[in-house]
Amino acid sequence: MEIQLYDGKAPGSESWTWQEGVNNRNSVSVTTVFNVVHPTLTVFSPAASASNGTAIIICPGGGFHFLAIDHEGNDIAKVLIQKGITVFILKYRLVRIYSENPFDDMLNAPDKKAWDEESLPIIPLAIADGRQAIAYVRKHAKKYNVSPERIGIMGFSAGGMVAASSAFDYTIENRPDFVVPVYADMPENRVGAVSPDAPPLYMLCAQDDEFGFAPHALNMYKKWYAARRPVEMHLFGKGGHGFGIGSPSNTTHNWINLFCEWLKMQGMIN
C-alpha cells in the first residue's frame with residue numbers, strides 16, 4: 001500500500017510537473033526509482049501474530065538522483081517484517097533527470113563534483129520528507145498497530161543523510177526513537193548539536209567504502225559518545241559501499257541480526 005506523504009503538493013516543489021519513473025535497465029540491473037515528485041510511504045506489515053509494535057522508515061540511497069528501491073528498500077523490509085517490525089519505505093524527492101538510466105549516469109558522470117552539486121537544492125526537501133514521514137507514522141500509529149514511542153528511521157548512503165538529519169533539530173512530532181545511518185553520507189557540515197535527549201544511534205559502514213564515508217560514521221559516533229547518548233557502530237573491514245542487506249563473502253551479511261539484538265537492548269522489540 002502506497003501512501004501520499006502530504007495532503008496536496010509537497011511544500012517547496014509545488015511547480016514540479018514531471019513524471020516519476022522506474023526501471024532496471026542499467027549495467028547491473030538494479031531497480032531504480034527516479035524523478036520523485038510526490039513523496040510516498042509504502043507499508044510492509046508483519047503477520048499480526050508476529051507484530052511487536054516497532055516501526056522503521058527506510059530511506060533508500062542513490063545520490064539524491066534515484067532510489068535503489070529494492071536493494072536498499074524492499075529487500076531490507078522483507079527481512080525486517082520477519083522480525084515483527086512494520087516497515088515504511090520512503091520515496092523522497094529527487095533531482096530531476098532527463099534520461100531513463102540514472103544509475104549509469106552516476107557511474108559515467110564526466111564531472112563527479114558537478115553531479116553531486118546538482119543535489120544541493122534538493123537535499124533540504126528530501127530531509128523534510130524524512131521528518132514528515134516520522135510525523136506521519138506517529139500520527140497514524142494506531143492504524144498500523146505500532147507504538148508511537150517506537151518509531152525509527154534507517155537510511156542508506158544519501159538516504160542515510162535523510163535519516164541521520166532527523167537526529168537533529170526535531171520536534172515532539174518528528175523526533176525518531178532511534179536512527180540507523182548505513183554507510184551514510186553525513187559530512188561534518190551537516191552534523192548539528194547533539195541534544196540531551198538525542199535518539200539512540202546505530203551506525204554501519206565499511207572501512208573500504210569507496211566514497212570515504214567511514215570517517216562520517218566515526219565523527220557522529222564520537223559526538224554521541226561525548227554527549228553520553230546511546231550509540232553503537234560497526235565498522236566492517238570489508239564490504240565496500242552499497243552492501244545493502246549484506247554479503248556472505250564478508251561480515252556484513254549478519255548486520256540485521258546484530259541490529260535487532262541492539263533494538264532489544266534499547267527496549268524497542270521483545
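That block above? That's the structure.
The shown structure was predicted, so the numbers you read here are calculated from the model rather than taken from an experiment.

Attention now goes to the side chain of R150. Looking at the element boundaries, R150 is found in the loop between α4 (123–139) and β8 (151–156). Among buried charged residues, R150 stands out as having no salt bridge; its nearest opposite-charge side chain is D177, 7.9 Å away.

We now examine the pairing of strand β7 (residues 86–91). Successive side chains on a regular strand alternate, one facing one side of the sheet and the next facing the other. For β7, a buried count of 6 out of 6 residues is recorded, marking the element as mostly surrounded by other parts of the structure. Neither face of β7 is exposed, since T86, F88 and L90 on one face and V87, I89 and K91 on the opposite face are all buried. By the bridge criterion, 4 bridges tie strand β5 (residues 55–59) to β7 in an arrangement that is parallel. The residue of β7 that forms the bridge with I57 is F88.

Where burial is concerned, most of β8 is hidden: 6 out of the 6 residues are buried. The two faces of β8 match: I151, I153 and G155 on one face and G152, M154 and F156 on the other face are all buried. Pairing analysis gives 5 bridges linking β5 to β8, with the strands arranged parallel. The residue of β8 that forms the bridge with A55 is I151. Of the strand pairs in this sheet, β8 and strand β9 (residues 178–182) are connected by 5 bridges, and their pairing is parallel. Paired with G152 across the two strands is F178, which belongs to β9. What joins β8 to β9 is helix α5 (residues 158–165), and the crossover it makes is right-handed.

Ordered by their spatial adjacency, 8 strands build an open sheet running β1-β4-β7-β5-β8-β9-β10-β11, and the pairing between neighbours is mixed. Taken across any chain shown, the strands that pair with only one partner, and hence form the sheet edges, are β1 (2–4) and β11 (231–236). Between one strand and the next, the sheet's axes are offset by a mean angle of 20 degrees, whatever the strand orientation. Relative to strand β10 (residues 201–206), helix α7 (residues 255–265) is tilted by about 165 degrees, and along the sheet it contacts β5, β8, β9, β10 and β11.

Overall, the coordinates contain 0 disulfides when judged by the stated rule. Free of any disulfide, C205 has its nearest cysteine sulfur in C59, 17 Å distant. Looking at C205, the relative accessible area reads 1%, which means it is buried.

On to the layout of surface pockets, then. Unoccupied space between atoms shows up once a probe the size of one water molecule is rolled over them. Roughly 780 Å³ of volume is contained in the largest pocket. Every residue lining the largest pocket is counted, 32 residues in all, and those nearest its centre are G63, M106, S157, F211 and H241. Only α1 (70–80), α2 (102–108), α3 (112–117) and α5 provide two or more residues apiece to the lining of the largest pocket. Per element, the largest residue contribution to the lining of the largest pocket is 4 residues, and it comes from α3. Considering only residue class, the lining of the largest pocket consists of 16 nonpolar, 9 polar and 7 charged.

Turning next to the environment of K264. On the secondary structure map, K264 appears in helix α7. Exposure remark for K264: the relative accessible area of 40% places this residue in the partly exposed category. Separated by 219 residues in sequence, K264 and S45 have C-alpha atoms that sit 19 Å apart.

Take the packing of aromatic side chains next. As enumerated under the stated definition, the model contains 17 aromatic pairs in all. Each ring, one from F259 and one from W262, has its centre 6.2 Å from the other, and the planes form 25 degrees; the classification is stacked. Placement of the pair is F259 and W262 together in helix α7, with a separation of 3 residues, close to one helical turn. A residue is classified by how much of its surface remains accessible, and F259, at 0% relative accessible area, is buried. According to the relative accessible area criterion, W262 is buried, its value standing at 3%. What links up through ring pairs into an aromatic cluster is the set F156, F178, Y183, Y202, F236, F243, W255, F259 and W262.

The rules behind the values
- Residues numbered from 1 in each chain as written.
- Predicted model: local features only at pLDDT ≥ 70, side-chain atom pairs only at ≥ 80, totals over all residues.
- Heavy atoms only, no water.
- Helix = DSSP H or I, 4+ residues; strand = E, 2+ residues; numbered from the N terminus.
- Buried < 20%, exposed > 50% of the residue type's maximum accessible area, 1.4 Å probe, protein only.
- Lys, Arg positive; Asp, Glu negative; His and termini not counted.
- Salt bridge = Lys/Arg side-chain N within 4 Å of Asp/Glu carboxyl O.
- Pairing = 2+ DSSP bridges.
- Right-handed = clockwise from strand over helix to strand, strands pointing away.
- Axes fitted to C-alpha atoms, helices over the stretch in contact; angles between N-to-C directions.
- Contact = heavy atoms within 4.5 Å.
- Disulfide = S-S within 2.5 Å.
- 1 Å grid on protein atoms, 1.4 Å probe; cavity = no way out; pocket = protein on both sides within 12 Å on 5 of 7 lines; lining within 4 Å.
- Points joined across faces, edges and corners; volume = space filled by probe spheres on them.
- Nonpolar A, V, L, I, M, F, W, Y, C, P; charged D, E, K, R; others polar.
- Phe/Tyr/Trp six-rings, centres within 6.5 Å; stacked < 30°, edge-to-face > 60°.

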